[in-house]
Protein chains: 2
Amino acid sequence: MSIEKTRPSEIERESLSIIRRELCEMGIDVPREREAVILRVIHATADFEYAENLVFSEDAVRRGIEALLTGAAVVTDTNMAKAGVSKVGLRKLGGEVFCYMAEPAVAERAKEEGTTRAVASVRYAAEMNPGAIFAVGNAPTALLELEAQMERGFRSALVIGVPVGFVNVVEAKERILMCCERFGVPAIVARGRKGGSSVAAAIANALIYSAADMLEPEKRGWN
Amino acid sequence: MSIEKTRPSEIERESLSIIRRELCEMGIDVPREREAVILRVIHATADFEYAENLVFSEDAVRRGIEALLTGAAVVTDTNMAKAGVSKVGLRKLGGEVFCYMAEPAVAERAKEEGTTRAVASVRYAAEMNPGAIFAVGNAPTALLELEAQMERGFRSALVIGVPVGFVNVVEAKERILMCCERFGVPAIVARGRKGGSSVAAAIANALIYSAADMLEPEKRGWN
């Protein structure tokens, strides 16, 4: 075989250095604080547009990491994003990942309140895990419901707003950015149509690995 | 709120018509047989490059659907892709989705055979589910191992080869295309670096929904 088999950790390191080099060749300057997030999203998608699409509220990365260091949970809007979030990393930090979309209580609530499961699961999560990081990779209506919750006093640790799509998505992302700014909630958002469960998980993982590295600085990889 | 909340099924239909219109405006002609797959991948990524990256062996879609109609399983290389594959759709067809990456038997085998879990899980799957559709969204080494298995007589129902990445990925995809052609195994591959678990799940789902529609033609949506 002409392709050398190398270890997954070596491949990751090499991928990272390729991404860094190509960003440099494109003349894209990535701020140090945001580098781990941007690199991991490009690593998960091979799509360099994210270097420009991803927008961060001030201190979003630092505050996300701080929340994880105090054991904040991660709540996702799909089981797919949940499956992609690093449980090993979260365990080191005392955190957990939840997705409530398949909960019977959420299905019931959606029916009772005449809404979608995506909206009902944000309502449910806001009660169950108010201090969590909310990672939305699929449903723009989940972002709209986070906005409605914030109007009523809810404050999550961080909003990762990266739903993908063609209807309501671009607008919902712009709205959550303004809403988070108004209420002082940190936000990381992929502007435009692009995003998805892989992107949501990649952003959560970048923060999780960065936080875990702070606990075990000798194992630093991505910073 | 200025964004109208519409039902998920309406949003999906509207998204689909937007994608169709924009493909048309770009002058990209999508062959009828492949349309459901290409549209669903663009729907999952908002990335129109897939209209050109996705390559299909002759009859790949028809043969994938036929396999699903006879109850073929889907084997994924990540739990994330597994989470994204429609269980409701597969249940209608009498199929199931499996990912062996977290199986203790696979971890043991990887250790014994001095290889990665990605490779060991393909070996395991080739024994457990030889007639399955293999959907690879992450590990190029899983494609290389599929190739090695085919050299020894293994024939899967279909290979969905869409790992994402910067190291070994482009080459592994070209190799599996040639290998599948040589052994008459149908293949759907995302050429180049792009892909991922979301893309793998989207392709599997396009085939699953197409097959399920054949059982319930009155509910046709994506064709």
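What counts as what
- Residues numbered from 1 in each chain as written.
- Chains lettered and ligands numbered in written order.
- Predicted model: local features only at pLDDT ≥ 70, side-chain atom pairs only at ≥ 80, totals over all residues.
- Heavy atoms only, no water.
- Core = buried A, V, L, I, M, F, W, Y, C linked by side-chain atoms within 4.5 Å.
- Buried < 20%, exposed > 50% of the residue type's maximum accessible area, 1.4 Å probe, protein only.
- Contact = heavy atoms within 4.5 Å.
- Helix = DSSP H or I, 4+ residues; strand = E, 2+ residues; numbered from the N terminus.
- Buried area = accessible area lost by both parts, 1.4 Å probe.
- Salt bridge = Lys/Arg side-chain N within 4 Å of Asp/Glu carboxyl O.
- Nonpolar A, V, L, I, M, F, W, Y, C, P; charged D, E, K, R; others polar.
- Phe/Tyr/Trp six-rings, centres within 6.5 Å; stacked < 30°, edge-to-face > 60°.

## Observations regarding the nonpolar core
By size, the foremost hydrophobic cluster in this structure holds 105 residues, and its most contacted members are Leu 54 of chain A together with Leu 54 of chain B. Contacts of Leu 54 of chain B, omitting those with residues within four sequence positions, involve Val 37, Ile 38, Val 41, Ile 188, Val 189, Ala 190 and Ile 203 of chain B.

## Points about the environment of Ala 211 of chain B
Residue and element names in this part refer to chain B. The topology assignment puts Ala 211 in helix 11 (residues 197-215). Placed 119 residues apart in sequence, Ala 211 and Lys 92 show a C-alpha to C-alpha distance of 9.3 Å. Sequence-distant contacts of Ala 211, that is, excluding residues within four places in its chain, are made with Ile 65, Leu 68, Leu 69 and Leu 93.

## Re the interface of chain B and chain A
Across the boundary between the two partners, chain B contributes 41 residues, which contact 42 residues of chain A. When chain B packs against chain A, close to 3,400 Å² is buried across both sides, 67% of that on carbon and sulfur atoms. Counting every contact that joins chain B to chain A gives four salt bridges. Between Lys 194 of chain B and Asp 47 of chain A there is a salt bridge, with its nearest N and O atoms 4.0 Å apart. Residue assignment for the side of chain B that touches chain A shows that the elements contributing at least two residues are helix 1 (8-25), helix 2 (35-45), helix 5 (79-84), helix 9 (140-151), helix 10 (169-183) and helix 11 of chain B. Residues of the side of chain B that touches chain A, tallied by class, amount to 19 nonpolar, twelve polar and ten charged.

## A closer look at the packing of aromatic side chains
One pass over the structure, following the stated rule, counts eight aromatic pairs over all chains. For the ring pair Phe 98 of chain A and Tyr 100 of chain A, a centre distance of 5.9 Å and an interplane angle of 10° mean the geometry is stacked.

Keep in mind that these numbers describe shape and distance, not what the molecule does.
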